[in-house]
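Below are the chains, spelled out letter by letter.
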Amino acid sequence: KSLQRTGPQVGAISLVGFWRKNSEPRPWGGRAGGEPVTVTLEQARAILDLRDRSFVARDIEAYLSIWAENCTVEGPGHLIEGRENLRKAIEAAWSLQKPVHMSTRSIGVNGDTMFHEFVIVWEHRDSGERSLHTGATVSGVDTAGHWSWLREYFDPADRPRASAAGLPTVREFVSSDQ
């Protein structure tokens, strides 16, 4: 079978851009013969819906249920390794700010990779000020259907708005000893 390039394109930039044999979809949950898992759009929507609902409800167990034990989360100025460290970072964020809204704007899937834009509205616990944060993430799904890695990209225009509202940035939620 021929090699085919796969991956969503944004202008001339490939977001995934990997090569693999036989680009037909693979069944969810299997890597038979080393083949990648294929996430369907419906499965991606289900994962993101659970993420959005559990994050706003501050249901840490439901939120962590979508993550692999050895997950990695990368973003501007932070790296979180492992589900327990992710728990600490999320609980620290929730102790300072209350998520009042989280939603997914758009979703794209390619093999075991998801691309999704998001919107979060935070309310600062002390001042009551609200702040809008927008961004996008690229994440990988393992054979069990959990996120094994995620890279976050935030709109840089949100940083001054958060700062002006007295809200901490993501970097301030992550301990420097990780």
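Read on for an overview of the structure. Small disclaimer: the values here were computed from a predicted structure and weren't measured.

## Structural notes on the overall build of the protein chain
From N to C terminus, the protein chain includes four helices and ten strands. Traced from its N-terminal end to its C-terminal end, the protein chain shows the element sequence β-β-β-β-α-α-β-β-α-β-β-β-β-α. Looking at the 178 residues of the protein chain, the share that counts as buried comes to 40%. If you take every contact in the protein chain between residues at least 6 apart in sequence, the share linking residues at least 24 apart comes to 50%. Of the roughly 9400 Å² of accessible surface on the protein chain, 52% is carried by carbon and sulfur atoms.

## Looking at the side chain of Asp-52
For Asp-52, the location among the structural elements is in helix α1 (residues 41-56). When neighbours within four sequence positions are excluded, Asp-52 is seen to be in contact with Met-102, Ser-103 and Thr-104.

## Overview of α1
The first and last C-alpha atoms of α1 sit 22 Å apart over 16 residues, in line with the 22 Å expected at 1.5 Å per residue. Residues Ala-44, Ile-47, Leu-48, Arg-51, Asp-52, Ser-54 and Phe-55 constitute the buried set of α1. Along its buried surface, α1 packs onto α2 (60-64), α3 (83-96), β7 (97-110), β8 (113-124), β9 (130-141) and β10 (147-154). The first or second residue beyond α1 is Arg-58, which carries a positive phi of 55°.

## Regarding the environment of Ser-106
The residue Ser-106 is located in strand β7 in this model. Residue classification places Ser-106 among the partly exposed residues on the basis of a relative accessible area of 27%. Here the alpha-carbon distance between Ser-106 and Phe-118, two residues twelve residues apart in the chain, equals 7.6 Å.

## A few points about the packing of aromatic side chains
Summed over the entire model, instances satisfying the criterion amount to six aromatic pairs. With a centroid separation of 5.0 Å and an interplanar angle of 75°, the aromatic rings of Trp-67 and Trp-147 are classed as edge-to-face. Remark: Trp-147 occurs in strand β10 and Trp-67 occurs in strand β5 (residues 67-75); sequence separation between them is 80 residues. Overall, the relative accessible area of 1% leaves Trp-67 in the buried class.

Rules and cut-offs
Residues numbered from 1 in each chain as written. Predicted model: local features only at pLDDT ≥ 70, side-chain atom pairs only at ≥ 80, totals over all residues. Heavy atoms only, no water. Helix = DSSP H or I, 4+ residues; strand = E, 2+ residues; numbered from the N terminus. Buried < 20%, exposed > 50% of the residue type's maximum accessible area, 1.4 Å probe, protein only. Contact = heavy atoms within 4.5 Å. Areas by Shrake-Rupley, 256 points an atom, 1.4 Å probe, with all protein chains shown as cover. Expected span 1.5 Å × (residues − 1). Phe/Tyr/Trp six-rings, centres within 6.5 Å; stacked < 30°, edge-to-face > 60°.

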